[in-house]
Amino acid sequence: MSNVTRKHTALPKAQILIEALPWLTRHRGKTVVVKFGGNAMIDAELKAAFAQDIVFLHHAGLRPVVVHGGGPQISAALDKHGIVTEFKAGLRVTNEDAMDVVRMVLAGQVQRELVGLLNEHGPLAVGLTGEDAHTITATKHRPRIDGELVDIGRVGEITAIDTGAIEALLADGRIPVVSSIARSQDDGHVYNVNADTAAAALAAALDAETLMVLTDVEGLYEDWPDSDEVISRLTASELEKLLPELASGMVPKMEGCLHAVRNGVTTARVIDGRVQHSILLEIFTDEGIGTMVVPDDVEAGDAE
């Protein structure tokens, strides 16, 4: 290969790196909470790419915090233990036996694997659950179905967040990986909490710059199912109006985004976790992908 040819093949790489420069400058030192879920949790290549992205954010000077659930893995483990899975109001009914399995899968399997993938790149990730150092406290959640409050077992509603342990890990240059289990406020048990909700609550409590939620869709669709046009940006109030029309799986994700931007987080983004390196594309390129939610008082262009 001649020198001239080599220069031409190298130039696009340099241009890509330079495009990232203003975003590197803007995000340096900022906390970003990433909710890991969907296909990215199951597909081996996507998992490895996710770990690379998080480590890249860390080395680029951001402070990533990862929050995860584990729906598919929990369902598989419950099946293996002969425990029937039932959902009410979009939430998994979690009795005592099921809760033992949930805790074991989240803290002992999903979290361990993710910590292992991150730590292939250095002594970076530390796993914890919401039980550790009172990170997440919850009380029993009773959803209302047809006007009646329904008991769905050990499913929690977050009442308090203590960011002390996470802040200490971040200050020490580590990447916290948080399983969405909470300690109980009042009865000595633990609770299963929705991971989207937990990520949003942590993002707000940490004064994060950004909440990113990985999903299995391209973003929030303009007029689903009649159109697959993705809404690239909307304000908190615009999102609030759309909430009643959303598919049930998107509701906790978008409610989480709404909670985050209404409580001090600069932007909340739903991005397609099926795309390798979607996190880097969203944070470090001009185009971005997915749907970004901003507070009502943000001028166009300010939060991009």
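Caption draft 1: The arrangement of the overall build of the chain in detail. Each helix and strand counted, the chain has nine helices and 17 strands in total. Computed over C-alpha atoms, the radius of gyration of the chain comes to 20 Å, within 12% of the 19 Å expected from 2.2 N^0.38 for 304 residues, which places it in the range of a compact globule. When its C-alpha atoms are laid out on the principal axes, the chain stretches across 70 × 45 × 35 Å. Here the chain, with 304 residues, has 48% of them falling under the buried criterion. A fraction of 73% describes how many contacts in the chain between residues 6 or more apart in sequence connect residues 24 or more apart. Carbon together with sulfur atoms contributes 52% to the accessible area of the chain, which is approximately 14,400 Å² in total. Charge centroids of the chain, computed over 26 positive and 45 negative side chains, lie 6 Å from each other.

Caption draft 2: Quick look at unusual backbone geometry. With phi around 50°, Ala-133 is a residue other than glycine that occupies positive phi space. Mapped onto the fold, Ala-133 is located in the loop between strand 5 (125-130) and strand 6 (136-140). A residue is classified by how much of its surface remains accessible, and Ala-133, at 48% relative accessible area, is partly exposed. Although it is not a glycine, Asp-207 adopts a positive phi angle of roughly 55°. Tracing the chain through its elements places Asp-207 in the loop between helix 6 (195-205) and strand 12 (210-215). For Asp-207, a relative accessible area of 59% puts it in the exposed group.

Caption draft 3: Region of interest: the environment of Val-105. By the element assignment, Val-105 lies in helix 4 (residues 96-119). Its relative accessible area of 1% is what places Val-105 among the buried residues. Residues Val-105 and Ala-77, 28 residues apart in the sequence, show an inter-C-alpha distance of 7.4 Å. Excluding its chain neighbours within four sequence positions, the residues that come into contact with Val-105 are Gln-73, Ile-74, Ala-77 and Val-110.

Definitions and cut-offs
Residues numbered from 1 in each chain as written. Predicted model: local features only at pLDDT ≥ 70, side-chain atom pairs only at ≥ 80, totals over all residues. Heavy atoms only, no water. Helix = DSSP H or I, 4+ residues; strand = E, 2+ residues; numbered from the N terminus. Rg over C-alpha atoms; globule rule 2.2 N^0.38 Å. Buried < 20%, exposed > 50% of the residue type's maximum accessible area, 1.4 Å probe, protein only. Contact = heavy atoms within 4.5 Å. Areas by Shrake-Rupley, 256 points an atom, 1.4 Å probe, with all protein chains shown as cover. Lys, Arg positive; Asp, Glu negative; His and termini not counted. Charge placed at Lys NZ, Arg CZ, Asp CG, Glu CD.

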